[in-house]
Amino acid sequence: METTAEGFEAAFDAAVAADERIEPRDWMPEAYRASLVRQIAQHAHSEIIGMQPEANWISRAPSLRRKAILMAKVQDEAGHGLYLYSAAETLGTGREELLDKLHTGRQKYSSIFNYPTLTWADVGAIGWLVDGAAITNQVPLCRCSYGPYARAMVRICKEESFHQRQGYELLLALSNGTPAQHEMAQDAVNRWWWPSLMMFGPPDDESAHSAQSMAWKIKRHSNDELRQRFVDICVPQAEALGLALPDPDLRWNEERGRHDFGAIDWAEFREVLKGNGPCNEQRITQRRRAHEEGAWVRDAAAAYATKRRAGSVPAEDGVRMMEATA
Amino acid sequence: MNDAPVTAPPRAAALALGDDALVLSHRLGEWAGHAPVLEEEVALANIALDLLGQARILLSLVGDEDELAYLREERAFRNLQLVEQPNGDFAQTIARQLYFSTYQLFLYRQLAAGDSAFTGLAAKAVKEVAYHQDHAAHWTLRLGDGTAESHERMARACGALWRYTGEMFEPVEGLEVDWRALEDSWRESVAGVLERATLTLPDGPRSGAWRAGAGRQGLHTEPFGPMLAEMQHLHRSHPGASW
Ligand SMILES: [Fe+2]
Ligand SMILES: [Fe+2]
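Residues numbered from 1 in each chain as written. Chains lettered and ligands numbered in written order. Predicted model: local features only at pLDDT ≥ 70, side-chain atom pairs only at ≥ 80, totals over all residues. Heavy atoms only, no water.

Undergrad: Looking at this structure, how should I read the packing of helix α6 (residues 121–138) of chain A against helix α10 (residues 223–241) of chain A?
TA: Between two packed helices, what matters for the description is the angle formed by their axes and the separation of those axes. Residues and elements named next belong to chain A. The N-to-C vectors of α6 and α10 enclose an angle of 145 degrees; their axes lie 10 Å apart at closest approach. Crossing geometry of α6 relative to α10 is assigned as right-handed. Contact residues: α6 offers Trp-128, Leu-129, Gly-132, Ala-133, Thr-136 and Asn-137, while α10 offers Leu-226, Arg-229, Phe-230, Ile-233, Cys-234, Gln-237, Ala-238 and Leu-241. Classifying every residue of the contact of α6 with α10 by side-chain character gives 9 nonpolar, 4 polar and 1 charged. (Axes fitted to C-alpha atoms, helices over the stretch in contact; angles between N-to-C directions. Helix = DSSP H or I, 4+ residues; strand = E, 2+ residues; numbered from the N terminus. Left-handed = near helix turned anticlockwise from the far one by under 90°. Contact = heavy atoms within 4.5 Å. Nonpolar A, V, L, I, M, F, W, Y, C, P; charged D, E, K, R; others polar.)

Here it is as structure tokens:
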């Protein structure tokens, strides 16, 4: 037995080393599986919780064109949630179980969504900065060692880059608009800049899961490296937008060939992570409520599907029926 | 019959069809982040986006889409009272979808077969609307023939919205439609779906104490004002701004 297990492990290690994809039926270490489920679940949860701050503005979108773009974006995020819960399912953990962990606080979602969207410009700032940071984080995941996750990320990253461009374009229209619109845009960037930098996670020397994830090629770059990359991308974009980034220490460092930037308030990060952000309670309460209020709908779909299988309902009625999660 | 060129879009008709789509799209957009299951977040948004697309085309036929959507007062909107009704629970939303999408499907089929300013738009929209109707019909089956609770909720929703169905068949100026045939097709289709869903066609009055045709004439229900206030407030707060 021992030799077999070692053989499997050696094959797994060799596949990862050779940049081959691990597929659902392949043997994998339990810790690798657990780590992936944790990461994919947190990502999926972030997609669906992330719908809330932007959905907050659908009903007030100031033009029909912007309304259509925003609705489509929020819909994309729901779709991302679906792909990712499916990817987690290939590792043996179902959506219902993961949602339960989210609703009971045993699994987390990205802390960025615990900040409020206070003005229309926040929709633009989220697209430009939050989707932008997500892309910087996620593009390397398209080469992640686990096949289903990597493939989901290819699809997701394409859409995230649309979101990023749309957010940028929204801010540009505001920045070039009336003084009140310009001020709205600057205010949003002031509020979203630092939380966006926190999206890359704690500094490398404090990151609990980083080293092992990098060895397994679930992760490809360190938190600090990705954060630096993001800052370097944003600085010229902010200039083109005509908006200032709220960091007096931000400057080009000729020697490093990169931008230096100010210290991040990690105390705030930890507080928000602990549940003390401005919207933690609100977001999870809304999520739980939607789930609880939808229970009778899911029960009905399940009961109907059971009747159909039992033959008491003509099969054609259910042919195109979507499987609701029971 | 008049001799106006077939391409000149009649304003009242464009507003009636466009406002129906605009208002229902807005209501469906309110579900974002609140749907009972993730698949429905996607499905309801799909339908809302289709309707918003239709609204934008229709309103643009007779003016600036944003001016029409954001700067008209409540009494100038020509949508059916049905589509402005609040989402309620999921059953109420599905009942509203079933009634409206079935109406829109048969209406657009007639328009697509005709020769008017709406022919092209209707021909394209029929495909979208067929999906909306299919979605509503399937959920009606699941809810009607699901659990005792879902059956009860679906029956209540169909009954509550029934009073708003009469005005759908009031002729709209500028639409060449056989309204009688439209009503017959609608009734037969809705009754068929309800029957398969172990529900029955409600038998109450098809219009409230208001005469039928109220929404089409700019008379709306209480929930519409707050909806418009929310929809229009940001646009109106920045007169002349572009977004
Ligand atoms: Fe996403
Ligand atoms: Fe996104």
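What follows picks up the thread again.
Undergrad: Where do I start with the coordination of the iron ion (ligand 2) in this structure?
TA: Octahedral six-donor coordination of a metal ideally yields angles of 90 or 180 degrees, compared with 109.5 degrees for tetrahedral four-donor coordination. Residue and element names in this part refer to chain A. For the iron ion (ligand 2), every protein donor is listed as Glu-77 (OE), Asp-131 (OD), Glu-160 (OE) and His-163 (ND1), and the spread of their distances is 1.9 to 2.3 Å. The site at the iron ion (ligand 2) holds 4 donor atoms, and with the angles between them running 87 to 145 degrees, its shape is irregular. Binding-site remark: the iron ion (ligand 2) is held by donors from one chain whose sequence spacing is E-x53-D-x28-E-x2-H. Distance-wise, the iron ion (ligand 1) is placed 3.5 Å from the iron ion (ligand 2), both being coordinated by Glu-77. Residue Glu-77 is located in helix α4 (residues 64–89), and its partner Glu-160 is located in helix α7 (residues 147–175); the two are separated by 83 residues in the primary sequence. (Donors = N, O, S within 2.8 Å, 3.2 Å for Na, K, Ca; no water. Tetrahedral: all angles 85-135°; square planar, octahedral: opposite > 155°, others 65-115°.)

Undergrad: Before we go on, may I ask you to explain helix α5 (residues 95–103) of chain A in this structure?
TA: One turn of the α-helix equals 3.6 residues, which is why residues spaced by three or four share an orientation. Along α5(A), the residues that are buried comprise A:Arg95, A:Leu98, A:Leu99, A:Leu102 and A:His103. Take α5(A) and look down its axis: the buried residues cluster within an arc of 140 degrees, on one side only. Lining the buried residues of α5(A) we find α2 (30–49), α4 and α12 (280–293) of chain A together with α2 (38–62) of chain B. Directly after α5(A), the chain includes A:Gly105, whose backbone phi takes a positive value near 75 degrees. (Buried < 20%, exposed > 50% of the residue type's maximum accessible area, 1.4 Å probe, protein only. Arc of directions from axis to C-beta.)

Undergrad: Whenever I open this one, unusual backbone geometry confuses me. Can you help?
TA: When glycine is set aside, most residues are seen to have a negative phi, and most peptide bonds are trans. In the Ramachandran plot, A:Asp19 falls in the positive-phi region, its phi being about 60 degrees despite a non-glycine side chain. Tracing the chain through its elements places A:Asp19 in the loop between α1 (2–17) and α2. Non-glycine residue B:Thr198 carries a positive phi angle of around 60 degrees. As for its placement among the helices and strands, B:Thr198 is situated in the loop between α8 (179–196) and α9 (224–237).

Undergrad: Looking at this structure, I do not really get the pattern of salt bridges. What am I missing?
TA: Pairing is possible between side chains that carry opposite charge, provided their charged atoms lie close to one another. As enumerated under the stated definition, the model contains 30 salt bridges over all chains in all. In this structure, A:Arg258 and A:Glu225 form a salt bridge, with 3.2 Å as the shortest nitrogen-oxygen distance. Taken as a pair, A:Arg258 in strand β2 (residues 258–260) and A:Glu225 in helix α10 lie far apart in primary sequence, 33 residues in all. Taking the shortest distance from any N to any O, the salt bridge between B:Asp145 and A:Lys307 comes out at 2.9 Å. Placement of B:Asp145 in the loop between α6 (119–144) and α7 (148–162) and of A:Lys307 in helix α13 (residues 295–310) is noted, with the two residues assigned to different chains. (Salt bridge = Lys/Arg side-chain N within 4 Å of Asp/Glu carboxyl O.)

Undergrad: When you look at the interface of chain A and chain B in this model, what are you seeing that I'm missing?
TA: The parts lose accessible area when they come together, and the size of an interface is often stated as this lost area. Taken together, the contacts link 51 residues of chain A with 51 residues of chain B. Both sides together, the interface formed by chain A and chain B hides about 4,500 Å², and carbon and sulfur atoms give 65% of it. By the criterion of area lost to chain B, the three top residues of chain A are A:Leu64, A:Gln75 and A:Trp296, representing 18% of everything that side buries. Counting the contacts that link chain A with chain B gives 2 salt bridges. Sort the elements by how many residues they give to the side of chain A that touches chain B and α4(A) lands first, with 14 residues. (Buried area = accessible area lost by both parts, 1.4 Å probe.)

Undergrad: Would you explain the coordination of the iron ion (ligand 1) in this entry?
TA: Residues and elements named next belong to chain A. The coordination sphere of the iron ion (ligand 1), as far as protein atoms go, consists of Glu-47 (OE), Glu-77 (OE), His-80 (ND1) and Glu-160 (OE), spread over 1.9 to 2.2 Å. Around the iron ion (ligand 1), the 4 donor atoms are arranged such that angles at the metal cover 85 to 139 degrees; this shape is classified as irregular. Between consecutive donors of the iron ion (ligand 1), the numbers of intervening residues give the motif E-x29-E-x2-H-x79-E.

Undergrad: What am I meant to see in empty space enclosed by the protein here?
TA: The method is simple in principle: a probe with the dimensions of a water molecule rolls over the atoms, and the space it marks as empty is what remains. Following the criterion strictly, the structure yields 3 cavities of 30 Å³ or more and no others. Approximately 160 Å³ is the volume found for the largest cavity. In terms of lining, the largest cavity is formed by 18 residues, of which the most central are A:Ile48, A:Arg287, B:Ala35, B:Val37 and B:Leu38. For the lining of the largest cavity, the elements supplying multiple residues, two or more each, are α3 (51–55), α5 and α12 of chain A together with α2 of chain B. For the lining of the largest cavity, the element with the highest residue contribution is α12(A), accounting for 3 residues. For the lining of the largest cavity, a count of residues per class yields 9 nonpolar, 5 polar and 4 charged. (1 Å grid on protein atoms, 1.4 Å probe; cavity = no way out; pocket = protein on both sides within 12 Å on 5 of 7 lines; lining within 4 Å. Points joined across faces, edges and corners; volume = space filled by probe spheres on them.)

Undergrad: So what exactly am I meant to see when it comes to the nonpolar core here?
TA: Nonpolar side chains tend to gather and get buried jointly when the protein is soluble and globular. Core analysis: the largest hydrophobic core is formed by 174 residues, its most contacted members being A:Trp120, B:Tyr103, B:Leu107, B:Tyr108, B:Leu143 and B:Leu175. Per element, the largest residue contribution to this core is 13 residues, and it comes from helix α5 (residues 90–113) of chain B. Not counting the four nearest positions on each side in its chain, B:Tyr108 is found in contact with B:Leu17, B:Gln54, B:Leu58, B:Leu121, B:Ala122, B:Ala125 and B:Val126. (Core = buried A, V, L, I, M, F, W, Y, C linked by side-chain atoms within 4.5 Å.)

Undergrad: Got a minute to help me understand α6(B) in this structure?
TA: Between its terminal C-alpha atoms α6(B) stretches 35 Å, which fits the 38 Å expected from 26 residues at 1.5 Å a residue. Taken as a whole, α6(B) carries its principal kink of about 35 degrees at B:Val126. (Expected span 1.5 Å × (residues − 1). Bend = angle between axes of the 7 residues up to and from the residue.)

Undergrad: Quick question: what am I supposed to make of the packing of aromatic side chains here?
TA: Aromatic ring pairs are reported here in terms of the distance separating the ring centres and the angle at which the planes meet. All names here are of chain B. A complete count under the given rule lists 18 aromatic pairs over all chains for this structure. By way of ring pairs, the aromatic residues Tyr-99, Phe-100, Tyr-103, Trp-162, Phe-169 and Trp-186 are connected into one cluster. The side chain of Arg-206 reaches across the aromatic face of Trp-162, ending 5.3 Å from its centre. (Phe/Tyr/Trp six-rings, centres within 6.5 Å; stacked < 30°, edge-to-face > 60°. Lys NZ or Arg CZ within 6 Å of the ring centre and 35° of its normal.)

Undergrad: What exactly am I supposed to notice about the packing of helix α8 (residues 179–198) of chain A against α10(A) here?
TA: Residues and elements named next belong to chain A. Two elements in contact, α8 and α10, have axes whose closest approach is 9 Å; the angle formed by their N-to-C orientations is 150 degrees. What the angle tells us is that α8 and α10 run roughly antiparallel. Facing Trp-193, Ser-196, Leu-197 and Met-198 of α8, the residues of α10 in contact are Arg-227, Phe-230, Val-231 and Cys-234. By residue class, the composition of the contact of α8 with α10 is 6 nonpolar, 1 polar and 1 charged. (Parallel < 35°, antiparallel > 145°, perpendicular 65-115°, else oblique.)

Purely geometric stuff here, so don't read any function into it on its own.
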